[in-house]
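Analysis of the macromolecular model
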Amino acid sequence: MIRDHWDHLVYLEKRITELEARIEAKAEPYLEMIEQIDSIPGIERTSAVTIFAEVGPHVAEMFPSDTQFASWAGVCPGNNESAGKRKKSKTMQGNKHLKGALCQAAWANSRSSNRIGQFFRRIRKRRGDKKKQTSPPRIC
């Protein structure tokens with residue numbers, strides 16, 4: 001039985017290697033754009049390819065503003081306000097693959113010693129873990 005499981009594991013690893021080669025071949029024409037995404041702190045090569053695959057090369061034409069992109073990705077909070085009081089609300093569903101890659105990059109960046117990580121730790125002291133920031137830090 002162990003031999004069968006081992007053979008299946010070897011088959012799956014071989015299949016993963018083949019799929020990764022196919023992904024790299026498809027991403028070859030867009031290598032420059034993927035490298036730009038990869039240069040963002042907290043994003044590694046796999047996450048950059050995932051983000052590019054979900055968004056595509058013409059993101060500026062599809063989403064005129066960053067708020068529209070965040071809404072489509074499902075990383076902006078819901079707005080449930082009544083009589084001036086804000087109630088709990090969940091985030092939108094959005095694109096689950098893109099949302100997962102962006103959340104993974106954000107958590108990886110939270111542990112870094114760069115400016116974004118420092119900003120996150122300062123906000124976390126005040127609001128606690130896993131809270132959305134009202135205004136993103138200016139990196140420019």
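For the structure given in this document, a descriptive report is provided here. (Residues numbered from 1 in each chain as written. Predicted model: local features only at pLDDT ≥ 70, side-chain atom pairs only at ≥ 80, totals over all residues. Heavy atoms only, no water.)

The number of helices and strands found in the protein chain is seven helices and two strands. For 140 residues, the compact-globule estimate of 2.2 N^0.38 gives 14 Å, and the protein chain exceeds it by more than 25% at 19 Å. With the C-alpha coordinates of the protein chain rotated into their principal frame, the extents come out at 65 × 40 × 30 Å. A separation of at least 24 residues holds for 30% of the contacts in the protein chain among residues at least 6 apart in sequence. (Helix = DSSP H or I, 4+ residues; strand = E, 2+ residues; numbered from the N terminus. Rg over C-alpha atoms; globule rule 2.2 N^0.38 Å. Contact = heavy atoms within 4.5 Å.)

The next thing to look at is the nonpolar core. Nonpolar side chains tend to gather and get buried jointly when the protein is soluble and globular. Ile-34, Ile-37, Ile-43, Ala-48, Ile-51 and Leu-98 are the most contacted members of the largest nonpolar core, which has 13 residues in total. Of all elements in the fold, only helix H2 (31-38), helix H3 (45-55) and helix H6 (96-110) reach the threshold of two or more residues within this core. Broken down by element, this core gets its largest block of residues, five residues, from H3. Those residues in contact with Leu-98 that lie beyond four places of it in its chain are Ile-51, Glu-54, Val-55, Phe-69, Trp-72 and Ala-73. (Core = buried A, V, L, I, M, F, W, Y, C linked by side-chain atoms within 4.5 Å. Buried < 20%, exposed > 50% of the residue type's maximum accessible area, 1.4 Å probe, protein only.)

This part takes up the packing of aromatic side chains. Taken as a whole and assessed by the stated rule, the structure comprises five aromatic pairs. Ring geometry for Phe-63 against Trp-72: centres 5.2 Å apart, planes inclined by 40 degrees, an arrangement best described as tilted. The exposure class assigned to Phe-63 is buried, which follows from its relative accessible area of 13%. With centroids separated by 6.3 Å and ring planes inclined at 35 degrees, the aromatic side chains of Phe-69 and Trp-72 adopt a geometry described as tilted. With Phe-69 and Trp-72 both in helix H5 (residues 66-73), this residue pair falls three residues apart, about one helical turn. Here Trp-72 falls in the partly exposed class, since its relative accessible area comes to 32%. Cluster of aromatic residues (ring-pair linked, three or more members): Phe-63, Phe-69 and Trp-72. (Phe/Tyr/Trp six-rings, centres within 6.5 Å; stacked < 30°, edge-to-face > 60°.)

What follows covers the packing of H6 against helix H7 (residues 115-127). In a pair of packed helices, the angle between the axes and the distance between the axes together describe the arrangement. One way to put it is that H6 packs onto H7 with a least axis distance of 8 Å and a crossing angle of 85 degrees. It follows from the interaxial angle that H6 and H7 lie roughly perpendicular. Across the interface between the two elements, Trp-107, Asn-109 and Ser-110 from H6 touch Ile-116, Gly-117, Phe-120 and Arg-121 from H7. Of the residues belonging to the contact of H6 with H7, the class tally is three nonpolar, three polar and one charged. (Axes fitted to C-alpha atoms, helices over the stretch in contact; angles between N-to-C directions. Parallel < 35°, antiparallel > 145°, perpendicular 65-115°, else oblique. Nonpolar A, V, L, I, M, F, W, Y, C, P; charged D, E, K, R; others polar.)

Evaluation of the coordinates by the stated rule reveals three salt bridges. Residues Arg-15 and Glu-18 are paired through a salt bridge, measuring 3.4 Å at the closest nitrogen-oxygen approach. Taken together, the residues span about one helical turn, with Arg-15 and Glu-18 both in helix H1 (residues 2-27) at a distance of three residues. In this structure, Arg-45 and Glu-35 form a salt bridge, with 3.2 Å as the shortest nitrogen-oxygen distance. Here Arg-45 is found in helix H3, whereas its partner Glu-35 is found in helix H2, with 10 residues between them in sequence. Linked through salt bridges whose partners overlap, the residues forming this network are Glu-24, Glu-35 and Arg-45. (Salt bridge = Lys/Arg side-chain N within 4 Å of Asp/Glu carboxyl O.)

Its location among the elements puts Asn-109 in helix H6. For Asn-109, a relative accessible area of 7% gives the class buried. In this structure Asn-109 touches Pro-41, Gly-42, Asn-114, Ile-116 and Gly-117, once residues within four positions along its chain are discounted.

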